Structure formats: C-alpha cells, structure tokens
Amino acid sequence: MTDSKYFTTTKKGEIFELKAELNSDKKEKKKEAVKKVIASMTVGKDVSALFPDVVNCMQTDNLELKKLVYLYLMNYAKSQPDMAIMAVNTFVKDCEDPNPLIRALAVRTMGCIRVDKITEYLCEPLRKCLKDEDPYVRKTAAVCVAKLHDINAQLVEDQGFLDTLKDLISDSNPMVVANAVAALSEIAESHPSSNLLDLNPQSINKLLTALNECTEWGQIFILDCLANYMPKDDREAQRLSHANSAVVLSAVKVLMKFMEMLSKDLDYYGTLLKKLAPPLVTLLSAEPELQYVALRNINLIVQKRPEILKHEMKVFFVKYNDPIYVKLEKLDIMIRLASQANIAQVLAELKEYATEVDVDFVRKAVRAIGRCAIKVEQSAERCVSTLLDLIQTKVNYVVQEAIVVIKDIFRKYPNKYESVIATLCENLDSLDEPEARAAMIWIVGEYAERIDNADELLESFLEGFHDESTQVQLQLLTAIVKLFLKKPTETQELVQQVLSLATQDSDNPDLRDRGYIYWRLLSTDPVAAKEVVLAEKPLISEETDLIEPTLLDELICYIGTLASVYHKPPSAFVEGGRGVVHKSLPPRTASSESAESPETAPTGAPPGEQPDVIPAQGDLLGDLLNLDLGPPVSGPPLATSSVQMGAVDLLGGGLDSLIGGTNFVAPPTAAVPANLGAPIGSGLSDLFDLTSGVGTLSGSYVAPKAVWLPAMKAKGLEISGTFTRQVGSISMDLQLTNKALQVMTDFAIQFNRNSFGLAPAAPLQVHAPLSPNQTVEISLPLSTVGSVMKMEPLNNLQVAVKNNIDVFYFSTLYPLHILFVEDGKMDRQMFLATWKDIPNENEAQFQIRDCPLNAEAASSKLQSSNIFTVAKRNVEGQDMLYQSLKLTNGIWVLAELRIQPGNPSCTLSLKCRAPEVSQHVYQAYETILKN
C-alpha cells in the first residue's frame, strides 16, 4: 500500500493516539506514527503539541525515520524555539556519526532551522563538518554557512567560517568547490562592499579545473563567479577562455565579458567568434520556451557583437509551426543581422511572411521591410517596390502598416521615392488606425505642393476632428499649417477652421498649446512661421530600438538570468532588502581601442561617446513622474504670475474660470472678444468690499485620517493622511508607517498640477530613518501658488512620494473647505447686487438630509470653516441664512441656507460665476454640518 493512506484519517482525539504511538517501544509503530504526523502537518493541521514526543524519536539509527523527524523539526522550530533547543544535543551527536549521510543530514537541517537562540550551539558541529573527510558532508556544510550568514552574519564572521569557505575553493572535490563558490557568491550579493570572492590567476585555474568535472548546476555557479572576475591585462584574459560550453549561456556570458579585453586584430579573437556561434545556434533546436529564452539572450549578443552570428541568418528564418512569441523574436534578430550581403534573402523571406494569417506577425513583417530599407540603403528601392506590391493586396492592416513605414522611408531618403504618393492617396478611405491616419496626414502635409487636391484630402479628415485620437489631431493641425504656408491664398478658411477647433473647442492642453503657438506665429511673423514649420528635418537614424549602451553592457553581465529575458536590470524587477549590485563590462584595453575598425569608431568622435538612442516609452513619463524632488524655491512666486499673465494675454481673457486666480492681472474688459464673455475675477475686486468683515481666525473641520497609499502597493510604505486649515494656512497631515523589512530614508514629495495650484510649501521632513514597524506623523505646509490644471474631479490631487526604495504614486480628493479663505465675508449691499448679477442658470439647489441643527448652531459651525453669514431672516417659519465664502483663487460663492425648525433636512442654494465648483461646495457644507 502507498503512503497516501496517511492522508485519509480525520478522527477525533487523533493527537492523543499519535502521542501514544510515538512513545511506543516498537520501531515500526514509531515510524508509522511519525509518517502520520508529517501527513497532518502537510495538509495544514497543527501538530505542534507533539513536539517533545517527535524530538524523542530522533535517537535512532534508521535514516528514513531521522529524515522525517528533521522535516518536522524544520517546520515547527520557528514557532517553538524553546523546544528546538532540546534537539541541539542530537545534532551535535549526529555530526559525529560514522555514517556520512547522517552527518550531512544533520548539517543541512541545522542550516534550515532559522532560530537565533540555537545558532551559537551549531557553530562547533558546523566547524567539524567543514573539515570533514567526506566531500558530501563538506559540500553540504558549505551551503549551511550561507544559510547561517543569512540568520546571523556577525556570528559567521566572528567564527572564521568565511575563511574556511575560501579555503574550500581549493578543495580536491569539484562539487565542494562549486558549493563553496555558490555560498560565497550568495553572501557577497547581500554584502556588495565585502570582497569575499577575491580571485587571482591561481584560484581561477583551480576553478577551471573543477569546471570540467562538476554537475551542470555546479558549472553555472563557477561560470557566474568567473564572469564577475576582472582580469588585470589581456594576457590573463586569453588564459581564461577555455571555458566549457556545456552550460551554453553561462559560458557565453564569460566569453562575452572577456572578449572586451581582447584586441580585435588577434587571431584568437576571430577563433572565439567562430566558436561562439555553433552553441548558440544549437539552442534554437530546443522546445519553443527554451528557444524564446535563447532568442532574447541572442538579441542582446547581436546588439553587442553582430559579427558572431552574421553568417547564421538562415537559422532565424521563421518556421510555420513556431509560436507567435518565437516568430516575433526571430524577426527582430533578422533585422539586426540584415546587411548588404544577405538583404535579398531577407526581403524574399519577409515578403512571404506578409501573406501569413497571423495579423500581429504580418504587421511586424511589414514594419521589418521598412526597417531594412532604412538600415541598408542599397535595398531601399527594392523594399519600396515590395511595400507597393503589398499595398496592392488591399488587405486593410497590411496597407496601414505599409503607409506607416513608407513615412519613415521618406524621412530617411528625401526626394527619392515621392512618386509613390499617388498610390498612397488612393488608399486614404481604408485607413482607420490612428498611427496610419497620422502617417498619411504627415505625408500629405509634407508634400502638399506635389498633391493637387491636398486641401480636399485634409478637409476630409477635418470633418470628424473631435472624434480623432490626439495623435491624429496634432498631425492634422501641423499638416494644415504647412499647407497654408505653401498655398496661402487657397487655404485661409481651412487654417482658421482648424485653429479654432484646436484652441476653442478642444479640452486637450497639448493641442490647445500647439494651436496657440501656430496662431501667434502666423499672426505676428509669417516669415518666421515658414522657417519654423517648414524647416529642414534631420534624417532619422537606422536603429531606433537599440538598448542604451550602458544598459546593454550591464545586461550582457546577466546573460542566462531573468534580466536577459526581460531586457531590464535586476533592480527594475527584484523587490526586497538585498542591495542589487550593478555589473558592467570591463573597460577596453588600449590595444583593442586602436584596433577598432573605422566604421565602428569614427576617429573624430570623442572617447566614450555613445550613439543617440530614442528612449523607451517608460522614460518619457509626464510632469508628475519627472520628479525634481529638491526643496521648493523660496521667495515670491514671480515666475508663476508672469506665465499666467502671458497666458491671459494670449487667450484674450478666455481662460477657464478656475484659473482666474488671485495671482494674475486680468486684461481690461474691452480687450475681451464679445463671444467669450467677461473673465472671472476681472471685476470682482472692485465689486466686493474685501476689507469689510474679516472672519475670525479659527480652525476649520478636520476629517479623520484615511489610508491613501496601502503598504502592498508601495513596497511596505503605508501613507494615511488628511487636510487641515488653521489660521489661514493649509497643511497635509501625514502618517507614514514602514511595514517593510528594511529601513526607509530620503523621503521627498511632489504634487502634479491641479485645479487650485496646491503645492508643498516646504520639503517633506522625516528627521530620522524610518525603521521597520515604525510610524511617524508629519505636517506638510501647502501653498496655492503651484501650476494650475483643471482636474477631473475638480478636487483630485495626484501625489508622488519618493524614498530610498522607489517612487510611489497615489491620488486623493481634498475637501474644498480647506480653500475657503478668512476674508470671505461680503457686506449686505454687495451680496444683494452680486446675487442679482450672477445669471439664474448658474444657481444650483441641494438637499442636506439628517442635519437637525438650528440656525444659530449651523451658522457658528460654518463660520469656523470660513463660511460667513451675511444676513439672516425668518420667512413663514423658515430660517433663511445668506452666506458668502471665497476660494483661494478669488472665486466667490454665495449661498442661501433654508432651515425648517423640527425638520432634519435643509435646502442649500448656491450661486457662483464658476458653477463647476458648486457640487464640491455643497459636499463641504454637508461634511461640516454633519460632523
């Protein structure tokens, strides 16, 4: 019968039965009982009560029973540390057992019991096992040192175990050497500053000797260790190069690293290149998953040294039964290896791929043809004719991809292939993807003088302007401006139409800004506009998707690991407290520099100059992510004012009412176009008597702290907070809690642009490092002179917080009453005149339920939050409170609060020139009155 029987019992009182069986005199019965205990433990039952009885079973010669007891011990030692000490004596005895298997088992278990109390008792047995006569025990003890170092690093160093480990590198047994290297590498990773693996040519030779006799995993440990070695000169590097290619990627990593040290004119360098290709090609005959890993690594190798695989193009040709992820990766490498010698082969292959059924693959194949044209100039003509053939197939997605890549070919080879524009224009109606539409619009705008009906074509796009994506809208705006500069007489109406759509009817700030810039340019200096818009464009580079050179060098050092599959350094995806060491290739020797071929290193280029690479999407994040987390600039916000004045001047008073703040000068009313209406804030200062009735200085209602950023989303940092307004100053009260296992330091904070210009008025001061499980309370003063941008919802605030671990982002809603200023009381006459002056359609009515306050209590509660009662009267048994408040950006809100004695509901009417704030003011009323 199999061991599955142990998992089927679910009797009551089972623990007592097991206890009796564990103390039985019969060995067989004991073994059965321990198996039942392990089975219960495996399915999650708590059998920790049997700890002393199970530990008593350790006194046995039976290896199987001993293994089971040790398994139990590893599981429960952490929850029962006092009991675990009982087992120490047995460990010490087992480490001197004549059977090496038992000695090794004891050492292995010792390393797995992560209990501080007993580690010091284990040092003596471990020291003996590190010098044991049997290699199996020594190799197990080597790994145990790394585990012990993880629990108590100081103890390991004091006991001299690290020196013993270093001695084991010279051991006669290859497996002991491999484990000693693995243990030292593990310890060195958690302590990057320590120089544990101090290799020299003598120890390297010992490692190379052990390499040939190790298991595969042992070889990987040794090869990784070799890859971290920095040779002193190229003579030494040559001697390192007889690495075993059984574990291909690790061997390739070592060779790639040390080839940096070799001069390219050495015969030996050429021999190495030839030797590297076959093992890499062999990897491509494995199953698809392994092929994918191999291809991701080959992609890095080809970017660093394309000459290794330049004659192996055929192995990267796609097979019909390859999965899509392998196909796309092969395609990428084919383009990287394309050259004048093999371009005909590659193009024939790509044309074939473009007729496949897999849409993603076909799209990438069509793009690949375009990339080949840009990379190999001699093939450009053939590529263009291939693309035209594909356009003739009229397959929608093929046509769209072809148009996108032809745009790039025009950029690379101006005035060469423009004869194909007519064919492209025929396919205008079939374009429905933003990228293809944008590319076609760019072509029409750029070559408007060669297209007779360019204005009609662009006008056809203009009809659904607001339904287009931003990319297409921006391109269309630019194209029509280009067309206007080339044919001004025929297209004046068209350009006015697009500028008005972009500036007056659009919510997109990028589009509006570009529209205003063009409008300004065209109205002030058409000659300058021509020079700017129709300037000569730089040629595009052939490889825009290369990995940035310093990152590539780092990734080469991680060949054969996850980093080489993700194409990201480990620090980008490894979480936790261990410091990730940044690796890089050794610097080139002087002899190899002089041997660089003229193509690869132009003589005029300064040393170390890297090719320009277009950054990846992730590097081009918005203003919030572009963290300049230094202290804020002190002094008056002059820059803000001047920028906003400029904005008002440009827009002629048509700014969003929210931006009508206190810190810009509004233009005279006469300058405002009739259709845009008077700007908010233009006449308020003289309409209201601001000096009368300054409110009492007191604190407004403060909401309880809420969790804004949970620890699981911020690598252990939890942020709770609330907003307060006290005596005219706003602050964000934060509570930072460290729920991670490492100390947090270097805190900084930044806000994104928001509706009311809220910004930190001082740096985030966390005076001491934040230890694990520690909480700190901070009050961050805020100002309202930051950059303004209308948010959705209006009171949304996006925040970035940085510490030594990462940058974290969250958003929260601030209550509007923190923006109610102390001089918000209006006199009666002014109140009456303003109420009549604000149009009735700007009035909003709300019900506040469950609010059993009388008029006096409500008025006093609201006054403490800077909502001031201007007048009060009683109409037909109802108390009417007339109130005013003013926001930090100068917007006034007038209110009428109707309270019926005995009725828990009251009615609130709000009037304001910026009606979008009314909903949030109502929420503020409700919050204040109910709390």
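Structure: above.
First, a word on scope: everything that follows refers to the structure included in this document.

What counts, and at which threshold
Residues numbered from 1 in each chain as written. Predicted model: local features only at pLDDT ≥ 70, side-chain atom pairs only at ≥ 80, totals over all residues. Heavy atoms only, no water. Patch = residues over 30% accessible without salt bridge, like charges linked within 9 Å, V, L, I, M, F, W, Y side chains within 5 Å. Areas by Shrake-Rupley, 256 points an atom, 1.4 Å probe, with all protein chains shown as cover. Salt bridge = Lys/Arg side-chain N within 4 Å of Asp/Glu carboxyl O. Lys, Arg positive; Asp, Glu negative; His and termini not counted. Charge placed at Lys NZ, Arg CZ, Asp CG, Glu CD. Helix = DSSP H or I, 4+ residues; strand = E, 2+ residues; numbered from the N terminus. Axes fitted to C-alpha atoms, helices over the stretch in contact; angles between N-to-C directions. Parallel < 35°, antiparallel > 145°, perpendicular 65-115°, else oblique. Left-handed = near helix turned anticlockwise from the far one by under 90°. Contact = heavy atoms within 4.5 Å. Nonpolar A, V, L, I, M, F, W, Y, C, P; charged D, E, K, R; others polar. Pairing = 2+ DSSP bridges.

Remarks on a negative patch on the surface
A surface patch of negative charge is lined by Glu456, Glu459, Glu463 and Glu493. Note on placement: Glu456 falls in helix α26 (residues 454-462).

Considering the packing of α26 against helix α27 (residues 470-486)
Here α26 crosses α27 at 155°, and the two axes come no closer than 11 Å. As far as their axial angle goes, α27 and α26 are roughly antiparallel. Every pair of crossing elements has a handedness; the one defined by α26 and α27 is left-handed. Residue-level contacts link Ala454, Asp455, Leu458, Phe461 and Leu462 of α26 to Leu476, Ala479, Ile480 and Leu483 of α27. Residues belonging to the contact of α26 with α27 are distributed by class as follows: eight nonpolar, no polar and one charged.

A look at the sheet that holds strand β7 (residues 796-802)
In space, the three strands of this open sheet follow the order β4-β7-β8, with antiparallel pairing throughout. Single-partner strands in this sheet number two, and they are β4 (748-751) and β8 (807-813). Within the sheet, the average angular offset between the axes of one strand and its neighbour, ignoring direction, is 25°. Taken together, the seven bridges between β7 and β8 define a ladder with antiparallel strand orientation. Within β8, the residue paired with Leu797 across the bridge is Thr812.

Overview of the sheet that holds strand β11 (residues 878-886)
Spatially, the five strands line up as an open sheet ordered β9-β13-β12-β11-β10, and their pairing is antiparallel. Unpaired on one side and paired on the other, β9 (843-848) and β10 (868-875) mark the two borders of the sheet. Sheet twist, expressed as the average angle between the axes of neighbouring strands with direction ignored, equals 20°. Across seven bridges, β10 lies against β11 in antiparallel orientation. Bridge pairing links Arg873 to Met880 in β11. Its contacts with the sheet put helix α36 (residues 828-837) on β9, β10, β11, β12 (892-899) and β13 (906-912), and the angle it makes with β12 is roughly 95°. Against the sheet, helix α37 (residues 855-863) makes contact with β10, β11 and β12, and its axis sits at roughly 5° relative to β11, the strand it touches most.

Treat this as a map of the structure, not an account of what it does.
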